[in-house]
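Observations on the three-dimensional arrangement
Spelled out, the chains give:
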Amino acid sequence: MKDGAYREGVTDSYLYAASRTPFGRFSGALAGIRPDDLAAHAVTSVLARTPALDPGEIDDVVWGNANGAGEDNRNVGRMAVLLAGLPTSVPATTVNRLCGSSLDAAIIASRAIETGDADIVLTGGVESMSRAPWVLPKPERAFPAGDVTAVSTTLGWRLVNQRMPKEWTVSLGEANEQLADRFGIPRERQDEFAARSHNLADAAWNAGFYDDLVAPVATDAKGGTLSRDEGIRPGSGVDKLAALKPVFRTDGVITAGNASPLSDGASAVLLGSGAAADRIGADPLARIAGRGVFALDPQDFGFAPVEAANRALKNAGISWSDVSAVELNEAFAVQSLACVDAWKIDPETVNAKGGAIALGHPLGASGGRLLGTLAHRLRESGERWGVAAICIGVGQALAVVLENVTEQNR
């Protein structure tokens, strides 16, 4: 094949619509809802944004899910398609890159569109951390006499292979305590970042920013509904956060207040080619302009978005000086601050509508949330370039560059 011959056959991929459920607290309002039902709700809500689209026109569904040990087993993407009432001819797959699963789903879909394998792909992700089950490993021999331990699948390492070096398998919190030590990021700065997240999220909700992005969820048969992200704490301040005790070290800096909470929720993003606009019945919001993936030692996962985003920018042919909006998943305040410092960007461009510390971080759904929020931020501001980035347990990260293609930017 001649140089450039492959590129000649590549089209562009676009983001047409995004929607998500409100994100619920662990054991909160969404805890009574199965993850496959949450996923189906995200599917129907994003398609409601494009009512002219015949769901039978969807070439594929790529869905993200991190845990997959309970009701989200057996390809939850396909279950979402069936439960949402789409034609049985619409196929679906489920991908697992832990916290980056739904961003990975969008990346996979964009490649399929760009190479001509598909025209319209529905992507998204789901996680019910409340409903993640305990699991029991099968015994290595029949009829063991001793006790067995049920292992939680909610978050982090489980059933660890003993061949793994101990430094790799520290808890997510301990890994970020090490990051705080490495970069000298103090507790007060982390608490300030966390308070900012809550207050910006509250302001964005009050201003109506999330009205077109979030689809309320009926929580019970008596008419209960969750309409807003459940974890937001309006009026958060450093003084309140300073009263919280460290979680992972007695003398540590990471608390329940400056880390993302365990959460439940689902997100969906509709992607398509430029030629699919007529069938979708809408103009695209943004072009997928660049993608990046990167990995470090497992315990350094919080810092991996730095190079993932740099690679995505290089692939998009732009630099940080061109970027006006950044959506960085706030797994922990300390890792977010370490990334922002490394990029040397204006902190005010980051998570201007609040981040995961306030909104929540249902693992498999967070990447879709980032993309939807970023596209709508660019549409609102009329600015051209944005970056979505997410750290991923076991040392990885993903990033996507979006180019605003709405009328306001033309």
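Computed from a predicted model, the values in this text were never measured in an experiment.

Secondary structure summary: the protein chain contains 12 helices and 14 strands in total. Since a compact globule built from 410 residues should have a radius of gyration of about 22 Å, the 21 Å found for the protein chain is in line with a globular shape. With the principal axes as the frame, the protein chain shows a C-alpha extent of 60 × 55 × 55 Å. Taking all 410 residues of the protein chain together, the buried fraction comes to 55%. The contacts of the protein chain with a sequence gap of at least 6 include a subset with a gap of at least 24, amounting to 79%. For the protein chain, the computed accessible surface area is about 17,200 Å², with 50% contributed by carbon and sulfur atoms.

Direction vectors running N to C along helix α9 (residues 305-316) and helix α10 (residues 333-343) enclose 45°, while the axes themselves pass 9 Å from each other. In terms of orientation, α9 lies oblique with respect to α10. Read as a crossing pair, α9 and α10 show a hand that is right-handed. Contacts between α9 and α10 involve Pro305, Val306, Ala309 and Asn310 from the former and Cys339, Ala342 and Trp343 from the latter. Across the contact of α9 with α10, the residue classes tally to 6 nonpolar, 1 polar and no charged.

Detailed reading of the predicted coordinates is not advisable wherever pLDDT is low. On average, residues of the protein chain score 96 in pLDDT, and 97% of them reach the 70 mark or higher. Here residues 1-7 is modelled with pLDDT under 50, and outside its nearest four sequence neighbours on either side it reaches 3 contacts, counting other chains as well.

This part covers the environment of Gly393. Along the chain, Gly393 turns up in the loop between β13 (385-392) and β14 (396-404). Between the alpha carbons of Gly393 and Gly354 there is a distance of 22 Å; along the sequence they are 39 residues apart.

A few words on the packing of aromatic side chains. Enumeration according to the criterion identifies 4 aromatic pairs in this entry. Ring centres 4.8 Å apart and planes at 35° place the aromatic pair Phe183 and Phe303 in the tilted group. With Phe183 in helix α5 (residues 172-183) and Phe303 in the loop between β11 (286-295) and α9, this residue pair connects regions lying 120 residues apart in the sequence. Assessed through its relative accessible area of 15%, Phe303 is described here as buried. Through a chain of ring-to-ring contacts, three or more aromatic side chains come together here, namely Trp205, Phe209 and Tyr210. Across the ring face of Phe23, the terminal group of Arg20 is positioned such that the distance to the ring centre comes to 4.6 Å. Over the face of the ring belonging to Phe303 we find Arg182, whose NZ or CZ atom lies 5.2 Å from the ring centre.

With that settled, consider the pattern of salt bridges. Per the stated rule, a full pass over the model turns up 23 salt bridges. Note that Glu348 is salt-bridged to Arg196, the shortest N-O span being 4.0 Å. Taken together, the residues Glu348 in the loop between α10 and α11 (356-359) and Arg196 in helix α6 (residues 187-206) connect sequence positions 152 residues apart. On the basis of relative accessible area, Glu348 is assigned to the exposed category, the value being 55%.

Before going further, it helps to examine a nonpolar patch on the surface. Together, Val160, Met164 and Trp168 make up an exposed nonpolar region whose accessible area comes to about 210 Å². Within the secondary structure, Trp168 sits in the loop between β7 (151-152) and α5.

With 8 of 9 residues buried, β14 is to be regarded as a mostly interior element. In this sheet, β14 lies alongside β11 in antiparallel orientation, the contact comprising 9 bridges. Within the sheet, the bridge partner assigned to Phe294 lies in β14 and is Ala397. Here β13 runs beside β14; their pairing, made up of 8 bridges, is antiparallel. Residue Ile390 lies in a different strand from β14, and its bridge partner there is Leu398. Between β13 and β14, which follow one another and run antiparallel, lie 3 residues, and Val394 among them has a positive phi close to 75°.

Thresholds applied
Residues numbered from 1 in each chain as written. Predicted model: local features only at pLDDT ≥ 70, side-chain atom pairs only at ≥ 80, totals over all residues. Heavy atoms only, no water. Helix = DSSP H or I, 4+ residues; strand = E, 2+ residues; numbered from the N terminus. Rg over C-alpha atoms; globule rule 2.2 N^0.38 Å. Buried < 20%, exposed > 50% of the residue type's maximum accessible area, 1.4 Å probe, protein only. Contact = heavy atoms within 4.5 Å. Areas by Shrake-Rupley, 256 points an atom, 1.4 Å probe, with all protein chains shown as cover. Axes fitted to C-alpha atoms, helices over the stretch in contact; angles between N-to-C directions. Parallel < 35°, antiparallel > 145°, perpendicular 65-115°, else oblique. Left-handed = near helix turned anticlockwise from the far one by under 90°. Nonpolar A, V, L, I, M, F, W, Y, C, P; charged D, E, K, R; others polar. pLDDT = per-residue confidence, 0-100. Phe/Tyr/Trp six-rings, centres within 6.5 Å; stacked < 30°, edge-to-face > 60°. Lys NZ or Arg CZ within 6 Å of the ring centre and 35° of its normal. Salt bridge = Lys/Arg side-chain N within 4 Å of Asp/Glu carboxyl O. Patch = residues over 30% accessible without salt bridge, like charges linked within 9 Å, V, L, I, M, F, W, Y side chains within 5 Å. Pairing = 2+ DSSP bridges.

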